[in-house]
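Structural overview
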Amino acid sequence: VEQILSTFLAPMATFARQTSIYQQTTANIVSQGYQLMYVVSSHEEDFKTALSYVQRAQFYAQIAGDSNLEAASLIRQGVVYLHRKSPHDTLLAYQKALPLVGNLSPLLRSRLYADLCEVQGKLQLE
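Structure report, in brief. Being a predicted model, the structure only gives us computed values, none of them experimental.

Next up on the list: the side chain of Thr90. Tracing the chain through its elements places Thr90 in helix 5 (residues 87–97). Looking at Thr90, the relative accessible area reads 0%, which means it is buried. At 3.0 Å, the side chain of Thr90 forms a polar contact with the backbone oxygen of Gly78. Dropping the residues within four chain positions of it, Thr90 is found in contact with Gly78, Tyr81, Leu82 and Val119.

This is how it looks when you write it as structure tokens:
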């Protein structure tokens, strides 16, 4: 998966940064590709690389104008920070997703709220 994705993500990412009628669609695909790369990296416990991938996924989700992809990227950033034992950064990542709540699917909204409650509990916040 990693090898196949890496061959087409770079040229597609370049195309997604250029203004065209296909920019949003391309950026959406690129964001999803980087999220898949995140999954591979996190399974290998390479959290530095995984974080880099979800940050790129978030960037392209913003270009695509897709709140669900952007929130998923932010939630995954929070997960990486949890693995790196940084709950404050996790909280910040989840809080960045909160303004998107009104545009999220019910499943993703529930995931964000549950994860936010979990990290607030770990930090002993209300």
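Resuming the write-up.
Evaluation of the coordinates by the stated rule reveals 3 aromatic pairs. Relative to Tyr53, the ring of Tyr34 has its centre 6.1 Å away and its plane inclined at 25°; by these criteria the two rings are stacked. In this pair, Tyr34 sits in helix 2 (residues 23–43) while Tyr53 sits in helix 3 (residues 47–64), placing the two residues 19 residues apart along the sequence. Of the two residues, Tyr34 and Tyr53, neither departs from the other in class, the shared state being buried. With a centroid separation of 6.0 Å and 20° between ring planes, the pair formed by Tyr34 and Tyr60 is classed as stacked. Of this pair, Tyr34 sits in helix 2 while Tyr60 sits in helix 3, and the two are 26 residues apart along the sequence.

Here helix 3 crosses helix 4 (residues 67–83) at 160°, and the two axes come no closer than 8 Å. With respect to helix 4, the element helix 3 is oriented roughly antiparallel. Viewed along their axes, helix 3 and helix 4 form a crossing whose handedness is left-handed. Residues Phe47, Ala50, Leu51, Val54, Gln55, Ala57, Gln58, Ala61 and Gln62 of helix 3 lie in contact with helix 4, whose contacting residues are Leu69, Glu70, Ser73, Leu74, Arg76, Gln77, Val80, Tyr81 and His83. Of the residues assigned to the contact of helix 3 with helix 4, the class counts are 10 nonpolar, 6 polar and 2 charged.

Once that is clear, we can look at the pattern of salt bridges. Inspection of every chain in the model, using the stated rule, returns 2 salt bridges. The shortest N-O distance in the salt bridge between Arg111 and Asp115 comes to 2.6 Å. Here Arg111 pairs with Asp115, and both are found in helix 6 (residues 106–122), just 4 residues apart, close to one helical turn. We classify Arg111 as partly exposed; its relative accessible area is 41%. Of the residues examined, Asp115 reaches a relative accessible area of 10% and is grouped as buried. Glu118 is the partner of Lys122 in a salt bridge, and the nearest nitrogen-oxygen pair spans 3.5 Å. Of this pair, Lys122 and Glu118 both sit in helix 6, separated by 4 residues, roughly a single helical turn.

Here Glu45, not a glycine, exhibits a phi torsion of approximately 60°, which is positive. With respect to the helices and strands, the residue Glu45 is situated in the loop between helix 2 and helix 3. In this model, Gln124 sits at a positive phi of 60°, which is unusual for a non-glycine residue. Relative to the helices and strands, Gln124 resides in the segment after helix 6.

Parameters and conventions
Residue numbering note: each chain is counted from 1, following its sequence as written. A pLDDT threshold of at least 70 governs which residues receive local features in this predicted model, and a stricter bar of 80 or more applies before side-chain atom pairs are shown or counted, although totals over entire chains, interfaces and linings include all residues. Hydrogens are left out, water is left out, and the side-chain values use all remaining heavy atoms of the structure. Only DSSP runs of H or I with at least four residues qualify as helices, and only runs of E with at least two residues qualify as strands; both kinds are numbered from the N terminus onward. The buried label goes to any residue with under 20% of its type's maximum accessible area, the exposed label to any with over 50%, and the partly exposed label to all in between, with areas taken from a 1.4 Å probe on protein chains only. Any N or O atom pair separated by 3.5 Å or less is treated as a polar contact, with the protein-specific requirement of one donor-capable and one acceptor-capable atom, and with residues adjacent in sequence counted only for side-chain atom pairs. Should any heavy atoms of two residues lie within 4.5 Å, those residues are counted as being in contact. Between the rings of Phe, Tyr and Trp (Trp by its six-membered ring), a pair exists once the centres lie within 6.5 Å; its type follows the angle of the planes, with under 30 degrees stacked, over 60 edge-to-face, and the other angles tilted. For helices, the fitted axis covers only the stretch in contact; all axes are lines through C-alpha atoms, and the angles between them, taken along N-to-C directions, range from 0 to 180 degrees. Orientation categories follow fixed angle ranges, with anything under 35 degrees roughly parallel, anything over 145 roughly antiparallel, 65 to 115 roughly perpendicular, and all other angles oblique. Helix crossings fall into two classes, left-handed where the near helix is turned counterclockwise from the far one by less than a right angle and right-handed where it is turned clockwise. Any residue that is not Ala, Val, Leu, Ile, Met, Phe, Trp, Tyr, Cys, Pro, Asp, Glu, Lys or Arg is counted as polar, Gly included; the first ten are nonpolar and the last four charged. We count a salt bridge whenever a side-chain nitrogen from Lys or Arg sits within 4 Å of a carboxyl oxygen from Asp or Glu.

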